[in-house]
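Each chain, letter by letter, is given below.
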Amino acid sequence: MNHWINIKLPIPKWLNTWAIGIPETLPDANQRMSLVIDLARMSIKNGGGPFGAAVFNQHTGELIAPGVNWVVPGKSSLLHAEVMALVLAEQTLGSYELASHGSFELVTSVEPCCQCLGVLLWAGVASVVCGAHSEDAQAIGFNEGPRSMHWEQELKQRGVSVTREVMRPQAVEVLQSYTGEIYNSQLQVSNRSG
Ligand SMILES: [Zn+2]
């Protein structure tokens, strides 16, 4: 019989060296998105999925934690870029609830899927900033899952601000450059959320 023990989520080592030299604060939305799109590019280069995300202090622009899509190399369906960034931010701040430590912003190269929407809500971010549309990810075969059509309004109703289409063309370019594995593709047609 298996002996179940605490799990460790695999975080790529290069993420630590990538963070060296990043300015202490990124006050502008485009600067933050540019960093996140760079993460998506680095992820592809290192065998991960074409998605990047990061948690910032909303007001100062301090980078709290980065994330990349590491589902395939990490062998875990949890490891979407947003989830990795949120889990690392929670570890950095020592809390499962970010809102009790200030206002934090999740910047993501592509709009969140059904899993990431749930995690970002429970993590307590104040703001979500997205680059590419979900449709852009679906166009290369990824599946966003059974997400409410009204996700943007539902987040706003819960006090989470949503900003879309920040540097969308650059985020789409990274998606379209991806030639790696498309996981969950068997769910793609039936679960498309549009
Ligand atoms: Zn996701």
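Residues numbered from 1 in each chain as written. Predicted model: local features only at pLDDT ≥ 70, side-chain atom pairs only at ≥ 80, totals over all residues. Heavy atoms only, no water.

(A) The arrangement of the overall build of the protein chain in detail. For the protein chain, the count of helices and strands is 9 helices and 5 strands. Ordered by position from N to C terminus, the α and β elements of the protein chain give α-α-β-β-α-α-β-α-β-α-α-β-α-α. For the protein chain, the C-alpha atoms occupy an extent of roughly 45 × 40 × 30 Å along the three principal directions. Counting every position in the protein chain, which comprises 194 residues, the buried fraction comes to 50%. Nonlocal contacts in the protein chain, meaning residues at least 24 apart in sequence, comprise 69% of its contacts between residues at least 6 apart. Of the roughly 9900 Å² of accessible surface on the protein chain, 53% is carried by carbon and sulfur atoms. (Helix = DSSP H or I, 4+ residues; strand = E, 2+ residues; numbered from the N terminus. Buried < 20%, exposed > 50% of the residue type's maximum accessible area, 1.4 Å probe, protein only. Contact = heavy atoms within 4.5 Å. Areas by Shrake-Rupley, 256 points an atom, 1.4 Å probe, with all protein chains shown as cover.)

(B) Structural detail: unusual backbone geometry. Despite not being glycine, Lys75 shows a phi value in the positive range, around 55 degrees. Mapped onto the elements, Lys75 comes out in the loop between α3 (71–74) and α4 (81–93).

(C) Molecular detail of the packing of aromatic side chains. Per the stated rule, a full pass over the model turns up 4 aromatic pairs. Ring plane angle 65 degrees and centroid distance 6.0 Å describe the contact between Trp14 and Trp70, whose orientation is recorded as edge-to-face. On the criterion of sequence distance, the pair formed by Trp14 in helix α1 (residues 14–18) and Trp70 in the loop between β2 (63–68) and α3 is long-range, its members being 56 residues apart. The pair Trp14 / Trp70 is uniform in exposure class, with both members buried. Ring centres 5.0 Å apart and planes at 80 degrees place the aromatic pair Phe51 and Phe142 in the edge-to-face group. Within this pair, whereas Phe51 is found in the loop between α2 (29–45) and β1 (52–57), its partner Phe142 is found in the loop between α6 (134–139) and α7 (151–157), the two being separated by 91 residues in sequence. You'll find Phe51 and Phe142 in the same group, each marked buried. Ring pairing ties together the aromatic residues Phe51, Phe142, Tyr178 and Tyr183, which thus form one cluster. Cation over ring: Arg32 sits above Phe56, and NZ or CZ is 5.6 Å from the ring centre. (Phe/Tyr/Trp six-rings, centres within 6.5 Å; stacked < 30°, edge-to-face > 60°. Lys NZ or Arg CZ within 6 Å of the ring centre and 35° of its normal.)

(D) Quick look at the pattern of salt bridges. Summed over the entire model, instances satisfying the criterion amount to 7 salt bridges. Glu152 is the partner of Lys156 in a salt bridge, and the nearest nitrogen-oxygen pair spans 3.2 Å. Separated by 4 residues within a single helix, Lys156 and Glu152 lie in helix α7, roughly one turn from each other. Judged by its relative accessible area of 45%, Lys156 falls in the partly exposed class. The class for Glu152 is buried, based on a relative accessible area of 15%. Among the salt bridges present, the one from Glu152 reaches Arg164, with a minimum N-O distance of 2.6 Å. Taken as a pair, Glu152 in helix α7 and Arg164 in the loop between β5 (161–163) and α8 (168–176) lie far apart in primary sequence, 12 residues in all. Overlapping salt bridges, with partners in common, bring together Glu111, Glu152, Lys156 and Arg164 in one network. (Salt bridge = Lys/Arg side-chain N within 4 Å of Asp/Glu carboxyl O.)

(E) Broad picture of the side chain of Asn57. Tracing the backbone shows Asn57 in strand β1. Polar side-chain contacts of Asn57 include one of 2.9 Å to the backbone nitrogen of His59. (Polar contact = N/O pair within 3.5 Å; in protein donor to acceptor, adjacent residues only side chain to side chain.)

(F) Spatial organisation of the confidence of the model for the protein chain. Looking at the protein chain as a whole, the pLDDT averages 93, with 95% of positions reaching at least 70. With pLDDT under 50 throughout, residues 189–194 is counted as low confidence; its partners more than four residues away or in other chains account for 12 contacts. (pLDDT = per-residue confidence, 0-100.)

(G) Representation of the sheet that holds β2 within the structure. Strands sit in the order β2-β1-β3-β4-β5 across an open sheet of 5 strands; the sheet is mixed. Strand pairing shows two members of the sheet lacking a second neighbour, β2 and β5, which therefore form its edges. Neighbour to neighbour, the strand axes of the sheet diverge by 15 degrees on average, direction disregarded. Pairing geometry for β1 and β2, over 5 bridges, is antiparallel. Bridge pairing in β2 links Ala53 to Gly67. (Pairing = 2+ DSSP bridges. Axes fitted to C-alpha atoms, helices over the stretch in contact; angles between N-to-C directions.)

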